[in-house]
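# Understanding the architecture of this molecule
What follows is each chain in one-letter form.
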Amino acid sequence: SKCATGKPRSAKVLAVAAAAMIPVFAACSSDSGSTSPSAPSSPGPAQNASHGPMFPECGGITDQTIAEQTRVTGLVNTARNSVGCQWLQGGGILGPHFSFTWYRGSPIGRERKTEELSRASVEDLNIEGHSGFIAIGEDPTIGNNLCEVGIQFQDDFIEWSISFSEQPFPDPCDVAKELTRQSIVNAK
């Protein structure tokens, strides 16, 4: 069929679709002259980073060890890759969550500063001869329910995050410190 202009309808539809895509492609182009304050650039990983030891998947911590340390049943490892793992009860986002993350060539100071701005307390910590920080978070109804431990290895660091959602639960910092200790021992 043809439109009133005599051109095939599919050509007209194609032209309209192409015109609609121009803003999309323009938004993706790189304009080196742009100084948009809404898109700050952040430096990437250090080019000459000095890396620490290699950590096995999940920091060398098994699903069984997570269940034993946290005393939470029904945990599911919902994210597993070479730089981190996450365990959630029943695999859902509501409830307790536990994670291991390995940051390669990333400054621990930036992570610590974020913790200092968002946690009840942040203190220095040393585990197995390696320094870092321990951050405690509180829930007004259940108390200190979150603990994060970050430990530096040259230009890398690891972080264990332990977060409970309801009582009863073991001391989250005891769990975070023990899992961090085991990950350090498992490193090669």
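Up top is the structure.
Below, the structure is looked at part by part. Remember, predicted model here, so these are calculated numbers, not experimental data.

### Details of the pattern of salt bridges
If you walk through the whole model with that rule in mind, you get nine salt bridges. The partner of Arg-80 in a salt bridge is Glu-57, and the shortest N-O contact between them spans 3.2 Å. Of this pair, Arg-80 sits in strand β1 (residues 75-81) while Glu-57 sits in the loop between α1 (9-28) and α2 (63-70), and the two are 23 residues apart along the sequence. What makes Arg-80 partly exposed here is its relative accessible area of 42%.

### Describing the environment of Asp-171
Among the secondary structure elements, Asp-171 is positioned in the loop between β7 (156-163) and α4 (172-186). Taking the C-alpha atoms as reference, Asp-171 lies 8.9 Å from Thr-70; in sequence the two are 101 residues apart. From its side chain, Asp-171 meets the backbone nitrogen of Cys-173 in a polar contact 2.7 Å long.

### Details of helix α3 (residues 108-118)
An α-helix turns once every 3.6 residues. As a result, residues three or four positions apart point the same way. Buried within α3 are the following residues: Ile-108, Glu-111 and Glu-115. Along the axis of α3, the buried positions cluster into a sector of 65°, meaning they face one direction only. Buried-residue contacts for α3 involve β4 (121-127), β5 (130-139), β6 (143-153) and β7.

### Focus: the sheet that holds β1
Taken in spatial order, the seven strands line up as β1-β2-β3-β7-β6-β5-β4 in an open sheet, and their pairing is antiparallel. Only two strands of the sheet have a single partner each, and these edge strands are β1 and β4. When the angles between neighbouring strand axes are averaged without regard to direction, this sheet yields 15°. Across six bridges, the pairing between β1 and strand β2 (residues 84-89) is antiparallel. Of the residues in β2, the one forming a bridge with Asn-77 is Trp-87. On the sheet, α3 packs against β4, β5, β6 and β7 and is oriented at approximately 25° with respect to β5.

### What to know about the pairing of strand β3 (residues 97-103)
Across five bridges, β2 lies against β3 in antiparallel orientation. The residue of β3 that forms the bridge with Gln-86 is Ser-99. Pairing of β3 with β7, which is carried by seven bridges, proceeds in the antiparallel orientation. Looking at β7, one finds that Thr-101 is bridged to Glu-159.

### Here we look at the packing of α2 against α4
At a minimum axis separation of 10 Å, α2 and α4 run at an interaxial angle of 150°. Regarding the angle of α2 to α4, the classification is roughly antiparallel. The element α2 and its partner α4 pack so that their crossing is right-handed. Across from Thr-65, Ile-66, Gln-69 and Thr-70 in α2, the residues of α4 making contact are Val-175, Glu-178, Leu-179 and Gln-182. Here the residues of the contact of α2 with α4 are counted per class, giving three nonpolar, four polar and one charged.

### Looking at the packing of aromatic side chains
For the coordinates displayed, the defined rule picks out eight aromatic pairs. Judged by centre distance (5.4 Å) and plane angle (50°), the rings of Phe-100 and Trp-160 are tilted. With Phe-100 in strand β3 and Trp-160 in strand β7, the pair connects residues that are 60 residues apart, well separated along the chain. Taken together through their ring pairs, the aromatic side chains of Phe-55, Trp-87, Phe-100, Trp-102, Phe-153 and Trp-160 make up a single cluster.

Conventions and cut-offs
Residues numbered from 1 in each chain as written. Predicted model: local features only at pLDDT ≥ 70, side-chain atom pairs only at ≥ 80, totals over all residues. Heavy atoms only, no water. Salt bridge = Lys/Arg side-chain N within 4 Å of Asp/Glu carboxyl O. Helix = DSSP H or I, 4+ residues; strand = E, 2+ residues; numbered from the N terminus. Buried < 20%, exposed > 50% of the residue type's maximum accessible area, 1.4 Å probe, protein only. Polar contact = N/O pair within 3.5 Å; in protein donor to acceptor, adjacent residues only side chain to side chain. Arc of directions from axis to C-beta. Contact = heavy atoms within 4.5 Å. Pairing = 2+ DSSP bridges. Axes fitted to C-alpha atoms, helices over the stretch in contact; angles between N-to-C directions. Parallel < 35°, antiparallel > 145°, perpendicular 65-115°, else oblique. Left-handed = near helix turned anticlockwise from the far one by under 90°. Nonpolar A, V, L, I, M, F, W, Y, C, P; charged D, E, K, R; others polar. Phe/Tyr/Trp six-rings, centres within 6.5 Å; stacked < 30°, edge-to-face > 60°.

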